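Residues per chain, in single letters:
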Amino acid sequence: MSELTHFDHQGQAHMVDVSDKAATVRVAVAQGRIVMLPSTLALIAQGRAGKGDVLGVARIAAIQGAKRTADLIPLCHPLSLSKVAVEFELDEVGSAVVCRVTVQTVGPTGVEMEALTAVQVGLLTIYDMCKAADRGMVMTDVGLLEKVGGKSGHWQRQAPSAA
């Protein structure tokens, strides 16, 4: 396991010094899902949720979440983001909404945390807008799918092998 970079040689938490790192294009893609009752998914799909356009509001919330990540995660660097793209997919078979976010910047550190935060905020917004119809919704499977740029280069989640 590699050394944890958010701790100094005395084991104290600190913000990593990225001043010597090259500014490069950095991209991260994260995804998660919120599982709900089929009737709740139908409300979203048909645009009949009482609070309005659920996915439209969740899209804006996810973008805002990416932009505010450094305010929420104590050791994250505030970043100038050049792109935040949010996609939603309605999964009727799984009775869920899948949220996928792509975040991009040109800078000395990656945007994985921004992508992950955006997904969580988008899913939380769906929960908030639909909780009157379904308090049992569950957010699940949130994770990084891919990252590009920086010293470690390109990383992509491997698909689970069939057993």
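Refer to the preceding data block for the structure.
We now turn to the structure provided with this report. (Residues numbered from 1 in each chain as written. Predicted model: local features only at pLDDT ≥ 70, side-chain atom pairs only at ≥ 80, totals over all residues. Heavy atoms only, no water.)

### Section: the pairing of strand β2 (residues 81–91)
Pairing between β2 and strand β3 (residues 96–107): ten bridges, direction antiparallel. Bridge pairing in β3 links Glu87 to Arg100. Where β2 folds back onto β3 in an antiparallel hairpin, the turn is made up of four residues, including Ser95, whose phi is positive at roughly 50°. (Pairing = 2+ DSSP bridges. Helix = DSSP H or I, 4+ residues; strand = E, 2+ residues; numbered from the N terminus.)

### Overview of the side chain of Thr125
In this fold, Thr125 is placed in helix α4 (residues 112–130). By relative accessible area, which is 14% here, Thr125 ends up buried. (Buried < 20%, exposed > 50% of the residue type's maximum accessible area, 1.4 Å probe, protein only.)

### As for the nonpolar core
Looking at soluble globular proteins, one finds that nonpolar side chains tend to be buried together. Counting 28 residues, the largest nonpolar core has Met36, Ile44, Val54, Phe88, Val97 and Ile126 as the members making the most contacts within it. Mapped onto this core, the elements with two or more residues apiece are β1 (24–35), α1 (38–46), α2 (54–67), β2, β3 and α4. Ranked by residues supplied to this core, first place goes to α4 with seven residues. Ignoring anything within four residues of it in the chain, the contact list for Phe88 reads Leu55, Ala58, Arg59, Val97, Val98, Cys99 and Ile126. (Core = buried A, V, L, I, M, F, W, Y, C linked by side-chain atoms within 4.5 Å. Contact = heavy atoms within 4.5 Å.)

### Remarks on the environment of Leu144
With respect to the element layout, Leu144 can be found in strand β4 (residues 138–148). You can call Leu144 buried: its relative accessible area is 15%. For Leu144 and Glu112, which are 32 residues apart along the polypeptide, the C-alpha to C-alpha distance reads 7.1 Å.

### A look at the state of the cysteines
One pass over the structure, following the stated rule, counts zero disulfides. Between Cys76, a free cysteine, and Cys99, which holds the nearest cysteine sulfur, the sulfur-to-sulfur gap is 18 Å. Judged by relative accessible area, Cys76 falls into the buried class, the value being 11%. Cys99 gets classed as buried once you look at its relative accessible area, which sits at 0%. (Disulfide = S-S within 2.5 Å.)

### Considerations on the sheet that holds β1
Taking strand neighbours across the sheet as the criterion, the five strands line up as β2-β3-β1-β4-β5 in an open arrangement whose pairing is antiparallel. Looking at which strands have only one partner, the edges of the open sheet turn out to be β2 and β5 (155–156). Bridging between β4 and β5 involves two bridges; their strand directions are antiparallel. Looking at β5, one finds that Lys147 is bridged to Trp155. Those strands touched by α2 are β2 and β3, and its axis lies near 145° from that of β2. Contacts between α4 and the sheet are confined to β1, β2, β3 and β4, with β1 contributing the most and set at about 25° to the helix. (Axes fitted to C-alpha atoms, helices over the stretch in contact; angles between N-to-C directions.)

### Thoughts on the pattern of salt bridges
Taken as a whole and assessed by the stated rule, the structure comprises three salt bridges. Across the pair Asp128 and Lys131 runs a salt bridge, and its minimum N-O distance is 2.4 Å. (Salt bridge = Lys/Arg side-chain N within 4 Å of Asp/Glu carboxyl O.)

### Looking at unusual backbone geometry
At Ser95, a position not held by glycine, the phi torsion is positive, near 50°. By the element assignment, Ser95 lies in the loop between β2 and β3. Relative accessible area serves as the criterion here: at 9%, Ser95 is assigned to the buried category. At Asp141, a residue that is not glycine, the phi angle is positive and equals roughly 55°. Topologically, Asp141 is positioned in strand β4. The exposure class assigned to Asp141 is exposed, which follows from its relative accessible area of 57%.

Functional significance is not addressed by these values, which are geometric in nature.
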